[in-house]
There are 2 protein chains.
Amino acid sequence: MPRPLPSPDRTADVILDAAEALFAERGFDGCTVKQIGAAARVNPALLSYYFGGKEGTYRAAIRRRLQAFAAEGMQDMGDAASPGEAIRRFAEAYIRFMLRHPTLPKLLFREVLDHDAEHAVEEVRAIASGPFQALCDVVRAGQARGEFRPDVDPARAALSILSPLVYVLVARPVAGILLTGRRRGLTDDALRGFAAHTADFALAALAPVRRPGA
Amino acid sequence: MPRPLPSPDRTADVILDAAEALFAERGFDGCTVKQIGAAARVNPALLSYYFGGKEGTYRAAIRRRLQAFAAEGMQDMGDAASPGEAIRRFAEAYIRFMLRHPTLPKLLFREVLDHDAEHAVEEVRAIASGPFQALCDVVRAGQARGEFRPDVDPARAALSILSPLVYVLVARPVAGILLTGRRRGLTDDALRGFAAHTADFALAALAPVRRPGA
DNA sequence: GTCTATAGGTGGATAGAC
DNA sequence: GTCTATCCACCTATAGAC
């Protein structure tokens, strides 16, 4: 009987789990080490022991999750038959990953709002030069192949794909009101549906202008 | 010589100006009444006197700005010759208003993140049923006229137009990195340029599919 | 590694003088 | 209307027992 406890039996991980959830939901200044300790069912003093304090815990939490994203996040985007297919897969994979790591969107967005992402500049750069760059390259490839119209800046196009996805994840309740008129938040399925729409919308926008005779 | 002081000589307004800026930049929990008082060059105790406390000041600040948006925000969108033209004007007018009221994007977005917009439900509803609804109607009108493809949900299309604009305003430094690769934030002109792209992108996406023979 | 106790500081609000 | 002084609650971090 080696391990009586469930999967994350390491105290540090339990703390990070609780911290991540609270930081994402209330922000760094909006929650206290006591609340984090209580949520983790752990003595609040352990935040100092393991991470050197509240801010160290924050950094550790955000880095852990962002590294997971950089590592496994967008890997199933690679083997697409066409640029169009790759864009569809990107939107799908992005939403899928965020639904599996539901704290990340708010956690990351708050970091951008509160500190211009200074606590995680490396990781944000890794994302910018990783998945986002990959998306730009997909657009460029489509343009080179003649499948996408050439007069659209690839970075702008990529941001036109990414930003709606970020918006619905981060402002989920408001997006729900805007999309459905109802007060209920968006279901996971509605989110996936919107991701599919976003890909379709972008592909239609990128479709080459067909001349009558061509 | 009735008034030696500049335009907003009323103390309450001066307080709201400072509060708005600080709440937008650091969030409700990220700044103190003392900081607000110092920024307004006013005694911090006056926040309680005028607004009943920190939270009352917050509500007053957010309401004041949102009402300005509801009132004057999108008024120059009305007289457009075509739905396409109306969409272009919407994107332009939205960015123009936000550049004139630079605290509003972050202020509003933080309210959504922190409290699901519960402190300003009425105002958010007013925006949802005002400018956003107007944008949906424009898409619908274009579809009725046969100028836009009919198989796109108007609300989704509207959100595909609105969310990139929100994103670049709220995450300006990161959007700058993604769009230019450089560390500098986006200039106002770059912001307006992206708004034009957003309108173009949406219009291309909404263009009816041309059949060879039609 | 985990706990208790506490130090040291700062938060928002208010009573009461002016 | 504005200011000073102050109260109390609560926060983070740490010293030291276990």
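Presented here is an overview of the structure given in this document. (Residues numbered from 1 in each chain as written. Chains lettered and ligands numbered in written order. Predicted model: local features only at pLDDT ≥ 70, side-chain atom pairs only at ≥ 80, totals over all residues. Heavy atoms only, no water.)

### Points about the overall build of chain A
Then step 1. Across its full length, chain A holds 10 helices and zero strands.
Then step 2. Secondary structure elements in chain A, listed N-terminal to C-terminal, are α-α-α-α-α-α-α-α-α-α.
Then step 3. With the principal axes as the frame, chain A shows a C-alpha extent of 75 × 40 × 35 Å.
Then step 4. Buried residues in chain A amount to 50% of all 214 residues.
Then step 5. Across chain A, contacts joining residues at least 24 apart in sequence account for 66% of those joining residues at least 6 apart.
Then step 6. Looking at chain A as shown, the accessible area adds up to about 10,200 Å², and 51% of this sits on carbon and sulfur atoms. (Helix = DSSP H or I, 4+ residues; strand = E, 2+ residues; numbered from the N terminus. Buried < 20%, exposed > 50% of the residue type's maximum accessible area, 1.4 Å probe, protein only. Contact = heavy atoms within 4.5 Å. Areas by Shrake-Rupley, 256 points an atom, 1.4 Å probe, with all protein chains shown as cover.)

### Side note on the pattern of salt bridges
Then step 1. Inspection of the entire model under this criterion finds 34 salt bridges over all chains.
Then step 2. A salt bridge links Glu92 of chain A to Arg96 of chain A; the shortest N-O distance between them is 3.5 Å. With Glu92 of chain A and Arg96 of chain A both in helix α5 (residues 83-100) and four residues apart, this pair spans about one turn of that helix.
Then step 3. Among the residues examined, Arg96 of chain A registers a relative accessible area of 35% and is labelled partly exposed.
Then step 4. Glu147 of chain B is the partner of Arg145 of chain B in a salt bridge, and the nearest nitrogen-oxygen pair spans 3.1 Å. (Salt bridge = Lys/Arg side-chain N within 4 Å of Asp/Glu carboxyl O.)

### Observations concerning the nonpolar core
Then step 1. Within the largest apolar cluster, 155 residues are counted, with the highest numbers of intra-cluster contacts made by Ile87 and Tyr94 of chain A together with Ile87 and Tyr94 of chain B.
Then step 2. With sequence-adjacent residues up to four places away left out, Tyr94 of chain A is seen in contact with Phe69, Met74, Leu162, Leu165, Val166 and Leu169 of chain A. (Core = buried A, V, L, I, M, F, W, Y, C linked by side-chain atoms within 4.5 Å.)

### Some points on the packing of aromatic side chains
Then step 1. In the structure shown here, the tally under the stated rule is 19 aromatic pairs over all chains.
Then step 2. With a centroid separation of 6.2 Å and 45° between ring planes, the pair formed by Tyr50 of chain A and Phe51 of chain A is classed as tilted.
Then step 3. With a relative accessible area of 38%, Tyr50 of chain A lands in the partly exposed category.
Then step 4. Taking the centre distance of 6.2 Å and the plane angle of 70° together, the rings of Tyr167 of chain A and Phe109 of chain B count as edge-to-face. Of this pair, Tyr167 of chain A sits in helix α8 (residues 154-170) while Phe109 of chain B is found in helix α6 (residues 104-115), placing the two residues in two different chains.
Then step 5. By relative accessible area, Tyr167 of chain A is classed as buried at 8%. (Phe/Tyr/Trp six-rings, centres within 6.5 Å; stacked < 30°, edge-to-face > 60°.)

### Describing the relation of the copies chain A and chain B
Then step 1. Superposition of chain A onto chain B requires a rotation of 180° combined with a translation of 0.0 Å along the rotation axis, giving an RMSD of 0.0 Å. Those values place the two copies in the arrangement expected of a two-fold rotation axis. Among all residues of chain A, the one whose C-alpha sits closest to the rotation axis is Ala205 of chain A, at a distance of 1.9 Å.
Then step 2. Comparing interface residues between copies, 98% of those in chain A also lie at the interface in chain B; the contact surface is shared. (Least-squares fit on C-alpha atoms with pLDDT ≥ 70 in both.)

### Observations concerning the interface of chain A and chain B
Then step 1. With 46 residues of chain A at the contact, the number on the chain B side is 45 residues.
Then step 2. Joining chain A to chain B, the criterion identifies two salt bridges.
Then step 3. As a salt-bridge pair, Asp114 of chain A and Arg110 of chain B come within 2.7 Å of each other at their nearest N and O atoms.
Then step 4. Across the chain A-chain B interface, the total number found is eight residue pairs in polar contact (both at pLDDT 80 or more).
Then step 5. At the level of secondary structure, the elements contributing two or more residues to the side of chain A that touches chain B comprise α1 (11-26), α6 (104-115), α7 (121-144), α8, α9 (172-180) and α10 (188-206) of chain A.
Then step 6. It is α8 of chain A that provides the largest number of residues to the side of chain A that touches chain B, a total of 12 residues.
Then step 7. Each residue belonging to the side of chain A that touches chain B can be placed in one class, and the counts come to 29 nonpolar, five polar and 12 charged. (Polar contact = N/O pair within 3.5 Å; in protein donor to acceptor, adjacent residues only side chain to side chain. Nonpolar A, V, L, I, M, F, W, Y, C, P; charged D, E, K, R; others polar.)

### Description of the protein's contact with DNA strand C
Then step 1. Around DNA strand C there are 13 residues in total, and Thr11, Asn43 and Tyr50 of chain A together with Val33 and Lys54 of chain B lie nearest to it.
Then step 2. Counted by atom, the contact set of DNA strand C within 4 Å of the protein is 73% sugar and phosphate.
Then step 3. In this structure, Asn43 of chain A approaches DNA strand C through a main-chain N or O atom, which is 3.3 Å from a phosphate oxygen.
Then step 4. Contact distances for DNA strand C include 2.6 Å between a phosphate oxygen and a side-chain N or O atom of Tyr50 of chain A.
Then step 5. Elements represented by at least two residues in the surface near DNA strand C include exactly α3 (45-51) of chain A together with α3 (45-51) of chain B.
Then step 6. Among the elements that make up the surface near DNA strand C, the one with the highest residue count is α3 of chain A (four residues).
Then step 7. Among the residues making up the surface near DNA strand C, the classes are represented as seven nonpolar, five polar and one charged. (Near = heavy atom within 4 Å.)

### Thoughts on the protein's contact with DNA strand D
Then step 1. Within the structure, DNA strand D sits among 14 residues, and Val33 and Lys54 of chain A together with Thr11, Asn43 and Tyr50 of chain B are positioned closest to it.
Then step 2. Each atom of DNA strand D within 4 Å of the protein was assigned to sugar, phosphate or base; sugar and phosphate come to 72%.
Then step 3. A distance of 2.6 Å separates a phosphate oxygen of DNA strand D from a polar side-chain atom of Tyr50 of chain B.
Then step 4. Counting only elements with at least two residues in the surface near DNA strand D, the list comes to α2 (33-40) and α3 of chain A together with α3 of chain B.
Then step 5. With four residues, α3 of chain B is the single largest residue contributor to the surface near DNA strand D.
Then step 6. Split by residue class, the surface near DNA strand D holds seven nonpolar, five polar and two charged.

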